[in-house]
Amino acid sequence: EMEAKYTRKMQALRDEMDLRRKTEIHELEERKNTQISELMGNHEGAFGAIKNYYNDITAKNLTLINLLKEQVEELKKKEAVLEKEKADVLRENKGLTEPLQEAQELVAELQKKLVHYYRDKEALMNSKAHLKITQKELKDLQWEHEVLEQRFSEVQEERDDLYQNFTRAINEVQQKTGFKNLLLERKLHGLLTLLEQKEVELSEVVAASNLDPSALSLPHPNLPLQDVLSSKNATIQDLQLQLARVCKAHNDMLQTFEAKLTAFGIPLDNLGFQPLSFPIQGQ
């Protein structure tokens, strides 16, 4: 009985659960159908909107395509015109190639000339600067030349004066020395003649008195002849000393004159004569 009781309860519970399951399934199907309907409606609305959107885009694109076709046609026409102009320009360029080449060669030559021009210009500026310096140096040299000419004139006058004085002094010295030498030679000649006479007379006296010649050969300071000879020898030495002094003075004057000429830059050949240098006694 209990098994039958619980079997009945189980059957009733199963029937209830089946009913509940069917009810829930039915509700689920209704909700699913509702959602499907809503989704289909939404999808249809969205599809319509998209369809309208793409229709608008298609229409706009068609319009744009037509416009672009028209533009392409115009561009083709312009391209044809440009091709024709291009052909004309190419023909013109072919005609201008030789003048262009000539112009390029002319430009290259002018550029070379321009480089040379700049070089020549720089050289001209340097030459002008050098010319200014040279002109200044020329003015300085001209001024120095004038000063040197004045100094040269003064030196020439001084040289002429020195030459005249030198010639005059030489003539005077020559005259004095010549006159003194002539007098001395005459005196010496007279003394030698007198000495020879005295020696002859002495020989005659010795021969007449039969004296020993060796005794007379001894010098004696008190003898008159020895005094005369000593005096004459002293006179000859004095005259030789005076002659040596005069010759030395003449040579010193010559050296001084030559030093002056050298100091003033005057060659010795300009004198026109060769000065005589008197030898000093013993040389």
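For clarity, every value in this text was computed on a predicted model and none was experimentally measured. (Residues numbered from 1 in each chain as written. Predicted model: local features only at pLDDT ≥ 70, side-chain atom pairs only at ≥ 80, totals over all residues. Heavy atoms only, no water.)

Draft legend 1. Region of interest: the overall build of the protein. Each helix and strand in the protein was counted, giving 3 helices and 0 strands. Order of helices (α) and strands (β) in the protein, N terminus to C terminus: α-α-α. By the burial criterion, 6% of the 283 residues in the protein qualify as buried. Across the protein, the fraction of contacts at a sequence separation of at least 24, relative to all contacts at a separation of at least 6, is 77%. Counting only carbon and sulfur atoms, one obtains 58% of the accessible surface of the protein, whose full area is about 24,500 Å². (Helix = DSSP H or I, 4+ residues; strand = E, 2+ residues; numbered from the N terminus. Buried < 20%, exposed > 50% of the residue type's maximum accessible area, 1.4 Å probe, protein only. Contact = heavy atoms within 4.5 Å. Areas by Shrake-Rupley, 256 points an atom, 1.4 Å probe, with all protein chains shown as cover.)

Draft legend 2. Broad picture of the pattern of salt bridges. Under the definition given, this model contains 6 salt bridges. Of the charged contacts, one joins Asp 18 and Arg 21 as a salt bridge, the two residues approaching to 3.8 Å between their closest N and O atoms. Note that Asp 18 and Arg 21 are positioned in helix 1 (residues 2–209) at a spacing of 3 residues, about one turn of the helix. Ionic pairing is found between Lys 113 and Glu 109, a salt bridge with its closest N-O pair at 3.9 Å. Of this pair, Lys 113 and Glu 109 both sit in helix 1, 4 residues apart, roughly one helical turn. (Salt bridge = Lys/Arg side-chain N within 4 Å of Asp/Glu carboxyl O.)

Draft legend 3. Examining the confidence of the model for the protein more closely. Of all residues in the protein, 86% attain a pLDDT of 70 or more, and the chain-wide mean is 80. Per-element mean pLDDT across the protein ranges from 49 in helix 2 (residues 213–216) up to 85 in helix 1. Here residues 215–223 scores under 50 on pLDDT; set against residues more than four positions off or in separate chains, the count is 5 contacts. (pLDDT = per-residue confidence, 0-100.)

Draft legend 4. Quick peek at the packing of aromatic side chains. Following the criterion strictly, the structure yields 2 aromatic pairs and no others. Their ring planes at 75° and their centres at 5.4 Å tell us that Tyr 53 and Tyr 54 sit as a pair that is edge-to-face. Residues Tyr 117 and Tyr 118 carry aromatic rings whose centres are separated by 5.8 Å and whose planes lie at 50° to one another, so their mutual orientation is tilted. (Phe/Tyr/Trp six-rings, centres within 6.5 Å; stacked < 30°, edge-to-face > 60°.)

Draft legend 5. Expanded view of a negative patch on the surface. Among the surface-exposed residues, Glu 24, Glu 27, Glu 29 and Glu 30 lie close enough to one another that they form a single negatively charged patch. Along the chain, the position of Glu 24 falls in helix 1. Residue classification places Glu 24 among the partly exposed positions, given a relative accessible area of 44%. (Patch = residues over 30% accessible without salt bridge, like charges linked within 9 Å, V, L, I, M, F, W, Y side chains within 5 Å. Lys, Arg positive; Asp, Glu negative; His and termini not counted. Charge placed at Lys NZ, Arg CZ, Asp CG, Glu CD.)

Draft legend 6. Representation of a nonpolar patch on the surface within the structure. The grouping of Ile 50, Tyr 53 and Tyr 54 at the surface amounts to a nonpolar patch, some 350 Å² of accessible area in total. The partly exposed category is assigned to Tyr 54, whose relative accessible area is 49%.

Draft legend 7. A look at the environment of Asn 233. For Asn 233, the location among the structural elements is in helix 3 (residues 224–263). Overall, Asn 233 belongs to the partly exposed group, its relative accessible area being 46%. Taking the C-alpha atoms as reference, Asn 233 lies 9.9 Å from Leu 188; in sequence the two are 45 residues apart.

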